[in-house]
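Fold and contact review
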Amino acid sequence: MRWNFWTLVAAFTWGLLLLLLFLPVGSVLLGGFYDAQGDATFANYQRLLTEPRFQRAFLNTLVVGFGGMFGALLLGSIMAFCLSRFEIRGSRFVSLMAILALVSPPFIGAYSWIVLFGANGLVRRGLRDVGVSIPPIYGLAGILMVFAFKFYPYVYLMVSGALGNVNRSLEEAAESLGLTPWQRVRKISFPLVFPALSAGGLLALIHAIADFGTPQLLGRGYNVLATEAYTLYSAEVGSNMSMATAISVALILLSMIFVLLQRYLSRRNVYHGNLINKPVKIRLSGWRNALAHAAVYLIGFCGALPVIISAIYSFRKTRGPVFQPGFGLQSYERILYNLGDVVRNSLVFSVSAVALIVAAGTLIGVLVARRTNLNTSLLDGAFMIPYVMPGIVIGIAYVSVFNGPPLALTGTALIIVLSIFIRRLPYAVRTTSTALRQISPSLEEAAISLGYSPFRSFLKVTVPLILPGVIAGAMLSFVTAINELSSSLVLYVGRTITMPVRIYQLILDGDFGTAAALSSLLLVISGIAVYAAFRFMGRDERSLL
Amino acid sequence: MAYLDVVRARKEFAGFTALQDVSLNVERGEFFTLLGPSGCGKTTLLRALAGFNDLTSGEIRLDGEDLRRIPPHKRDIGMVFQDYAVFPHLSVFDNVAFGLKPRKVAPAEIRARVGEALEKVRLGHLAERLPAAMSGGQQQRIGIARAIVIRPRLLLMDEPLSNLDAKLRVELREEIRALQKQIDIAAIYVTHDQEEALAISDRICVMNAGRIEQIGTPQEIYGDPQTRFVAEFVGTLNRLEPSPALESDLSHLGLKAPRATLWAVRPERLRLLPPQEAEEASEKEAVVLGRVEQFTYLGREAHVRLATDLGPLVAQIADPGLIAAFAPGEAARAAIPRDALMAFDAAGARVKLEG
């Protein structure tokens with residue numbers, strides 16, 4: 001092998017992965033085999049398997065995972081089918097609401113549902129006044145409802161893409177062969193969108209398993225693995241790090257299974273058809289039309305509800321943490337006077353992480369796409385690992401590895417930036433390598449034949465062509481970075497607190513007004529980034545997945 | 001020594017040899033075509049000339065200079081690509097000017113030369129447009145202008161017309177031919193389309209499985225193929241089945257070729273005789289009897305497939321007009337002129353006829 005620039009990039013990449021991924025994850029894997037005194041033991045895994053508390057958490061994780069997945073599948077398929085097959089007024093507005101649900105921070109949903117349906121919730125109170133009593137939203141039912149409305153966009157975006165790609169001639173052929181409409185859906189359309197359906201469903205499942213904020217706020221005793229790991233880690237007295245890592249391992253294994261399944265399904269059963277005959281949207285009439293509109297708007301509205309609630313509550317008049325009648329800007333004043341450093345932290349950390357992601361992701365993406373050999377395909381595989389790592393696990397892993405010399409990073413800003421960096425890096429690598437594979441190599445060859453050296457050809461031709469995609473990817477990484485809660489929650493100290501962490505604390509402290517204002521600010525920042533991303537590469541909602 | 005010399009060029013990829021000791025030479029101002037089926041090595045050779053893939057062994061000399069020692073971006077060779085490779089982020093003007101920038105050409109001269117090149121490919125009016133929305137033919141014109149504007153020492157074209165529709169292909173190939181003669185540059189053109197090769201080239205090199213089958217003018221390639229592969233790849237061939245009928249026809253014509261294992265004749269050399277006339281065949285023709293199996297009318301020509309003693313034969317009728325029509329089953333006679341017969345040996349080489 002010749003030593004050149006790309007060999008260096010490959011070596012650098014492996015070093016990066018070793019330090020930021022293999023070392024922490026390895027230590028988590030091993031950490032579960034030691035007790036508090038540092039002696040090797042199987043006791044942690046034995047407890048995990050035998051103690052009812054952990055068995056229940058494991059079972060609960062599966063229940064919320066699959067429950068969230070089915071909810072998301074139901075809502076997402078209805079949404080996708082109606083929007084891609086029927087003429088819906090304001091369909092762009094509806095899919096905007098789906099985007100809002102997707103980019104809103106994970107726990108704002110939980111909080112807003114509490115505002116409406118909690119013990120003292122608005123809707124519950126209203127219903128009680130007219131004599132209807134419904135149970136508060138806490139517990140499993142609440143978690144599942146929030147997950148369904150939070151994660152349906154994954155299914156919706158995947159499936160509507162697939163439905164838009166079903167050649168209408170196929171359905172017409174089936175019709176001409178004498179199939180009834182229902183048979184047509186069952187035998188033609190469903191098999192064709194099944195890969196997208198299963199991929200979107202598993203995506204919802206993976207996110208539901210890893211979600212920490214929702215069960216933490218809504219669970220009220222309904223514990224899942226992510227919350228158990230955090231509880232064990234953060235307990236003031238008797239913090240049990242090795243048990244927390246043992247749970248992390250269980251969580252990694254669980255999500256790894258589903259990620260691999262998702263990859264497998266999204267590769268299998270992909271049908272490539274020609275798109276000569278694009279599907280057309282049918283104009284419904286009468287009650288069918290009303291029903292389709294009602295379904296689409298109801299789902300879209302409920303999904304966007306958290307955002308709407310927090311926007312409204314952020315403008316309510318408050319005194320201290322208590323809401324007063326009427327509207328005011330006190331919550332935003334409090335951000336301005338007391339929480340400026342939190343906002344600044346979030347922006348600085350996210351921007352630094354994204355800068356690192358863009359630089360490293362572009363180089364590694366080029367390496368993976370253009371210098372294909374065994375080394376790079378291994379690399380491609382290694383980049384799957386951050387996908388399967390729930391944020392809470394990365395956080396615990398980083399704390400346990402970078403806690404002392406030679407790398408004492410605990411409590412620094414760098415450790416938060418790095419944890420965001422490694423989790424989002426795979427997306428950047430994939431975006432770049434996909435973009436590069438779509439550019440014909442003959443473009444660079446043309447530049448070479450015209451007198452540009454290979455490196456200058458890359459700069460002059462390839463870089464300008466992938467730049468919009470890279471910028472768009474950076475914007476989307478920024479959205480993920482600034483909304484990151486679970487790993488920062490483990491890694492923050494007073495100086496390095498970020499907006500999502502502060503919102504989480506404010507909600508626990510009962511200061512809903514400030515939490516809502518901070519959430520709204522976060523959402524506005526995310527919204528600007530998404531808008532910028534769409535400007536750079538055209539509106540493509542699926543890039544948000 | 002010729003302008004371009006390729007000597008025993010050899011290229012090995014893992015597991016197979018793409019070029020097996022290919023030698024050829026091209027003169028200044030010559031339009032030279034590499035013709036062959038996909039996988040024959042023609043593109044590999046072209047890319048070796050451009051420098052994108054180096055040879056495993058062999059020599060490439062351009063104007064006496066060893067090309068293999070020069071990196072591709074310093075070779076001064078213009079290249080036209082099958083997928084056009086037009087830079088989508090640059091305007092038509094900037095695409096064409098792209099190669100002049102590293103050559104440190106003054107801005108005023110860039111404008112003049114780009115304008116001139118665009119006029120040559122009839123795109124002068126579109127200079128400020130972005131190429132993305134342009135048709136394939138227009139994009140390839142940009143590709144050609146971009147390659148010739150740098151006044152390269154050699155112009156390479158890799159199947160430049162194969163992504164265009166049939167009518168445009170004919171139109172553009174004539175323009176390319178005229179342009180190449182006008183700027184008087186040595187051009188190497190790769191194609192798998194035999195008609196295109198015949199129409200455009202000064203000389204054609206027919207390649208197969210990494211080897212050269214024959215190099216010659218279009219007339220030599222079509223009219224006097226030296227191998228069975230060339231005869232079958234360029235044009236079509238009626239193979240005459242070995243039979244007593246063939247033996248008697250050959251002896252009637254007084255032809256002999258002891259090593260011949262295959263006798264063949266091109267469809268357009270077969271002459272259909274009116275069935276009712278009892279015209280006596282001359283010594284210069286053998287007459288075969290048969291029945292019409294199929295009649296295909298193509299406008300400017302028609303094909304009649306006959307079942308004969310010599311096996312199935314296709315006869316081509318030029319300018320069939322309104323009346324020519326043959327019903328299947330109809331009896332028919334065809335004459336094979338003596339000088340239309342070709343013979344090949346078991347290895348596929350052309351055999352010289354005796355007698």
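Residues numbered from 1 in each chain as written. Chains lettered and ligands numbered in written order. Predicted model: local features only at pLDDT ≥ 70, side-chain atom pairs only at ≥ 80, totals over all residues.

Some details on the overall build of chain B
Across its full length, chain B holds nine helices and 19 strands. When the backbone C-alpha atoms are referred to their principal axes, chain B occupies close to 80 × 50 × 35 Å. For chain B, the residues scored as buried account for 38% of the 355 residues in total. Considering only contacts within chain B whose residues lie at least 6 apart along the sequence, 67% involve residues at least 24 apart. (Helix = DSSP H or I, 4+ residues; strand = E, 2+ residues; numbered from the N terminus. Buried ≥ 20, exposed ≤ 12 C-beta atoms within 10 Å, placed from the backbone. Contact = placed C-beta atoms within 7 Å.)

Some remarks on the interface of chain A and chain B
At the interface, 14 residues of chain A touch 18 residues of chain B. When contributions to the side of chain A that touches chain B are tallied by element, the ones reaching two or more residues are α20 (441–449) and α21 (454–483) of chain A. Per element, the largest residue contribution to the side of chain A that touches chain B is six residues, and it comes from α20(A). Here the residues of the side of chain A that touches chain B are counted per class, giving eight nonpolar, five polar and one charged. (Nonpolar A, V, L, I, M, F, W, Y, C, P; charged D, E, K, R; others polar.)

Some thoughts on the sheet that holds strand β5 (residues 65–66) of chain B
Residue and element names in this part refer to chain B. Read across the sheet, four strands follow the order β2-β1-β4-β5 without closing on themselves; strand pairing throughout is antiparallel. Strand pairing shows two members of the sheet lacking a second neighbour, β2 (16–26) and β5, which therefore form its edges. Alignment of strand β1 (residues 4–13) against strand β4 (residues 57–62), held across five bridges, turns out to be antiparallel. Bridge assignment links Arg10 to a residue of β4, and that residue is Ser57. (Pairing = 2+ DSSP bridges.)

Quick notes on the packing of helix α19 (residues 413–437) of chain A against α21(A)
All names here are of chain A. Direction vectors running N to C along α19 and α21 enclose 160 degrees, while the axes themselves pass 10 Å from each other. Considering the angle they form, α19 stands roughly antiparallel to α21. The handedness of the crossing between α19 and α21 is right-handed. Contact residues: Ile420, Arg424, Tyr427, Ala428, Thr431, Thr432, Ala435 and Leu436 in α19; Ile466, Gly469, Val470, Gly473, Ser477, Thr480 and Ala481 in α21. Across the contact of α19 with α21, the residue classes tally to eight nonpolar, six polar and one charged. (Axes fitted to C-alpha atoms, helices over the stretch in contact; angles between N-to-C directions. Parallel < 35°, antiparallel > 145°, perpendicular 65-115°, else oblique. Left-handed = near helix turned anticlockwise from the far one by under 90°.)

Considering the domain arrangement of chain A
Residue and element names in this part refer to chain A. We note that the domain assignment places domain 1 (1–30 + 318–545) and domain 2 (39–314) within chain A. Just the C-alpha atoms count here: the centres of domain 1 and domain 2 sit 23 Å apart. The interface of domain 1 with domain 2 comprises 37 residues on the first partner and 37 residues on the second. Elements with a contribution of two residues or more to the side of domain 1 that touches domain 2: α1 (5–31), α14 (330–338), α17 (385–388), α18 (391–401), α21, α22 (486–491), α23 (499–509) and α24 (512–537). Among the elements that take part in the side of domain 1 that touches domain 2, α24 stands out by supplying eleven residues, more than any other. (Domains from an automatic or database assignment.)

Remarks on the packing of helix α3 (residues 52–85) of chain A against helix α13 (residues 286–314) of chain A
When two helices pack together, their arrangement is given by the angle between the helix axes and by the axis-to-axis distance. Residues and elements named next belong to chain A. Relative to each other, α3 and α13 sit at 130 degrees, their axes nearing to 10 Å. Here α3 lies oblique to α13, going by the angle between them. With respect to the hand of their crossing, α3 and α13 are arranged in left-handed fashion. Residue-level contacts link Leu75, Ile78, Met79, Cys82 and Leu83 of α3 to Ala292, Ala295, Val296 and Ile299 of α13. Class assignment of the residues belonging to the contact of α3 with α13 gives a composition of nine nonpolar, no polar and no charged.

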